[in-house]
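# Fold and contact review
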Amino acid sequence: QVQLVESGGGLVQAGGSLRLSCVASGRAFSLYSMAWHRQAPGKEREFVATIRSTGSTYYADSVKGRFTISRDNAKNTVYLQMNSLKPEDTAVYYCNAIYGANNYWGQGIQVTVSS
């Protein structure tokens, strides 16, 4: 199975930046669609951003203009650059890989934005 390991989370003040990384174990990483989702306490998990194998991207309205998703296929890694962070961005962020009919999820990583 594909394993996904997130890193780069932590505590940051409002207006600051963080970059999340997700390393995948799969052999066909370049063919995967990759995405980030997040879940705040008491709320449902929500979509944040996705990047296809072609490099095309799509973002949730709440993060457009602030977040950037990218990938480095040579490193089997997808990134989420988060700028101009707001307290409402506080959540556990999950890396997601889609390959054919299969979805894989990382364990999640905490991002906390203080006011």
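Just above sits the structure.
These notes cover the structure that comes with them. Numbering of residues starts from 1 in each chain and follows the order in which that chain's sequence is written. With pLDDT at 70 or above as the cut-off, local features in this predicted model cover only qualifying residues; side-chain atom pairs require 80 or more to be listed or tallied, and sums for whole chains, interfaces and linings still use all residues. Values shown for side chains rest on all heavy atoms present in the structure; no hydrogens or waters enter the calculation.

With that out of the way, let us pick up the packing of aromatic side chains. Ring pairs shown here join Phe, Tyr and Trp side chains whose ring centres sit within 6.5 Å, with only the six-membered ring taken for Trp; geometry is labelled stacked below 30 degrees between planes, edge-to-face above 60, and tilted in between. In total, this model carries three aromatic pairs according to the counting rule given. Between Tyr32 and Tyr99, the aromatic rings sit 5.1 Å apart at their centres with planes inclined by 55°, giving tilted as the arrangement. Here Tyr32 is found in the loop between β3 (18-24) and β4 (33-39), whereas its partner Tyr99 is found in strand β9 (residues 91-99), with 67 residues between them in sequence. Judged by its relative accessible area of 3%, Tyr32 falls in the buried class. These aromatic residues form a ring-pair network of at least three members: Phe29, Tyr32 and Tyr99. Cation placement over rings: the criterion is NZ of Lys or CZ of Arg within 6 Å of the ring centroid and within 35° of the ring normal. Here the basic side chain of Arg45 rests over the ring of Trp105, its NZ or CZ set 5.0 Å away from the ring centre. The ring of Phe29 is capped by Arg71, whose NZ or CZ atom sits 4.7 Å from the centre of that ring. The way it works is that DSSP assigns letters per residue, a run of H or I at least four long becomes a helix, a run of E at least two long becomes a strand, and they are numbered from the N terminus. Type-normalised accessible area, obtained with a 1.4 Å probe on protein chains alone, sets the label of each residue: buried when under 20%, exposed when over 50%, and partly exposed for intermediate values.

Here we take up the environment of Gln39. Along the polypeptide, Gln39 turns up in strand β4. Residue classification places Gln39 among the partly exposed positions, given a relative accessible area of 28%. Contact between two residues is taken to exist if any of their heavy atoms lie within 4.5 Å; hydrogens are not considered. Apart from the residues lying within four places of it in its own chain, the contact partners of Gln39 are Glu44, Arg45, Ala91, Val92 and Tyr94. Counted as a polar contact is a pair of N or O atoms within 3.5 Å, where, for protein atoms, one must be capable of donating a hydrogen and the other of accepting one, and residues adjacent in sequence contribute only when both atoms are in side chains. Side-chain polar atoms of Gln39 contact the backbone oxygen of Lys43, separated by 3.0 Å.

Every case where a carboxyl oxygen of Asp or Glu lies within 4 Å of a side-chain nitrogen of Lys or Arg is listed as a salt bridge. Here the structure, examined in full by the defined rule, presents four salt bridges. The partner of Lys64 in a salt bridge is Asp61, with the nearest N and O atoms 3.2 Å apart. For Lys64, a relative accessible area of 45% corresponds to the partly exposed category. One salt-bridge network, held together by shared partners, links Arg38, Glu46, Arg66 and Asp89.

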